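Per-entry structural report
Listed below are the residues making up each chain.
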Amino acid sequence: MCRLKYEVVTILKDNRPRFLITVDTVRVEMLASKYLKHMDQINASPNTVRSAAFALSYYYNFLKQEEMDISEVPTLSYSEQSKHFVDFLHWVKTGNHTDRKSHTSNKTCNMYLGAVFRYYQFLTMEDILPGLKVIRNRQVTFFDNMGIGHQNTVNSFRGFFKEEERELEEITTQEIQKLINSCCNDRDKLLIAIMAESGFRLGEVLGIYYTEDIDYEKKTIKVTYRENNENMARAKNAESRIALLSDTTFDFLVKYIADNRKNLLKTEFLFTKISGKNKGEPLDADSVYGLLRRLQKKTAINSHPHQLRHYFAEERRKEGWDLNDIRFALGHKKIETTIKYLGENNERLIEATDEYYADNEDLYQVSNFI
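Residues numbered from 1 in each chain as written. Predicted model: local features only at pLDDT ≥ 70, side-chain atom pairs only at ≥ 80, totals over all residues. Heavy atoms only, no water.

**Details of the pattern of salt bridges**
Under the criterion given, the structure shown has 10 salt bridges. Close ionic contact of D87 with K83 constitutes a salt bridge, the shortest N to O distance being 2.8 Å. Linking D87 with K83, this pair stays in helix α3 (residues 78–93), spanning four residues, or about one helical turn. Looking at K83, the relative accessible area reads 54%, which means it is exposed. Residue K255 pairs with D259 through a salt bridge whose shortest N-O separation is 2.9 Å. Of the two residues, K255 and D259 both sit in helix α8 (residues 247–259), four residues apart, roughly one turn of that helix. Owing to a relative accessible area of 24%, K255 belongs among the partly exposed residues under this scheme. (Salt bridge = Lys/Arg side-chain N within 4 Å of Asp/Glu carboxyl O. Helix = DSSP H or I, 4+ residues; strand = E, 2+ residues; numbered from the N terminus. Buried < 20%, exposed > 50% of the residue type's maximum accessible area, 1.4 Å probe, protein only.)

In structure tokens, the structure reads:
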């Protein structure tokens, strides 16, 4: 097997990561890097661009092993193209794309191939390559929040792996409290409490500016879309949402800011690294996942940010929240919602959350830390 030659490198430009594909660590002008630049220009999230960069580097390594040029693939017959892309899926599945040789989940394999197909579509739209024969258009039907059916055309490929069922256990109030009690500092306690009480995505929480996104009178925090956060934290879908915190969690938030005012004066981010050579820099997702792994060793609770979002949704559903309110609170965009309801939804969410906290005040005993 040939040595891996196509690699991803990251550079910082305008305080934001830019991803390039390199060969033997020598930067070259490649179609892949042109595509990644295009993704930046159309405002794709840094994580989306990063995933595409790695997918394309893996695919180019696969092409090299097959002794093929990317321009040859569209000229293959339908059956040859199908075999080519299925072979790529199996190549990734068995871990040939990394030095670790570890098996890859079906979902991740499909994600990589999806990124490759989007790359081919870009090359077709640029009149660089003809379209692929294996991509077929099909009609899908979805229903909006008024129950009206709509049809849309999507591209599909028959050879994707069947994805595994997501195995993510629900988390309870007691387990969240145990996680918070096991944290070594106020930052981590506050982080977990806010994720459980807001339903925000991890990237949204890490992007909170204490200088702009907190309403100290209404006791709310806000998701604000920003492009250039140095920790790559970013609101999804260029949206803005708010969440009401419980009185005890908000008091703990105020205490945290007061206790850390000297460090926070150097930044706008609410959550920063508090030790090591990167002290004072915005907290990033990798650091949070590292925290959750450490907490798992202490508590035997295998937690994940998505669990806290799911917990938020389930608790509100038990309290009788309308499904559309929950969807709005989580920022889900799978069905259409209109801009005219945003203000009304915000007010309804605050009212419903206030009633919820009145009945369930201090769920995680945060008042013990104030």
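Having put the structure on the table, let's press on.
**Some details on the confidence of the model for the chain**
Averaged over all residues, the pLDDT of the chain equals 81, while 80% of them reach at least 70. In this model, residues 334–344 is a region of pLDDT below 50 whose contacts with residues beyond four sequence positions or in other chains number eight contacts. (pLDDT = per-residue confidence, 0-100. Contact = heavy atoms within 4.5 Å.)

**Some details on the sheet that holds strand β8 (residues 241–244)**
The three strands lie next to each other as β6-β7-β8, forming an open sheet whose pairing is antiparallel. Whereas interior strands pair on both sides, the edge strands pair on one side only; in this sheet they are β6 (214–215) and β8. Two strands pair when backbone bridges link them, and β6 and strand β7 (residues 220–223) are joined in this way by two bridges, in the antiparallel orientation. Each residue of the ladder has a partner; that of D215, found in β7, is T220. (Pairing = 2+ DSSP bridges.)

**What about helix α1 (residues 31–41)?**
Because each turn of an α-helix spans 3.6 residues, side chains separated by three or four positions in sequence point in the same direction. Residues of α1 that are buried include every one of A32, S33, Y35, L36, M39 and D40, and no others. Take α1 and look down its axis: the buried residues cluster within an arc of 155 degrees, on one side only. In this structure, α1 carries K37 and Q41 as exposed residues pointing more than 90 degrees from its buried face. Of the residues flanking the end of α1, it is N43, one or two places downstream, whose phi is positive at about 75 degrees. (Arc of directions from axis to C-beta.)

**Brief notes about unusual backbone geometry**
Positioned with a positive phi, E67 is a non-glycine residue whose angle comes to about 55 degrees. Of note in the backbone geometry, D127 takes a positive phi value of approximately 60 degrees without being a glycine. Within the element layout of this structure, D127 appears in the loop between α4 (106–125) and β4 (136–143).

**Here's the deal with the side chain of S182**
Among the structural elements, S182 can be located in helix α5 (residues 173–182). In this structure, S182 is in contact with L295, K298 and T299, ignoring residues within four places of it in sequence.

**Side note on the environment of V9**
Summarising the element assignment, V9 is placed in strand β1 (residues 6–13). Judged by relative accessible area, V9 falls into the partly exposed class, the value being 24%. Sequence separation between V9 and L20 is 11 residues, and the spatial gap between their C-alpha atoms is 5.4 Å.

**What about the packing of aromatic side chains?**
Evaluated as defined, the whole model comprises 23 aromatic pairs. Ring centres 4.9 Å apart and planes at 70 degrees place the aromatic pair F85 and F117 in the edge-to-face group. A residue pair is termed long-range when its members are at least 10 positions apart, and F85 in helix α3 and F117 in helix α4 qualify at 32 residues. (Phe/Tyr/Trp six-rings, centres within 6.5 Å; stacked < 30°, edge-to-face > 60°.)

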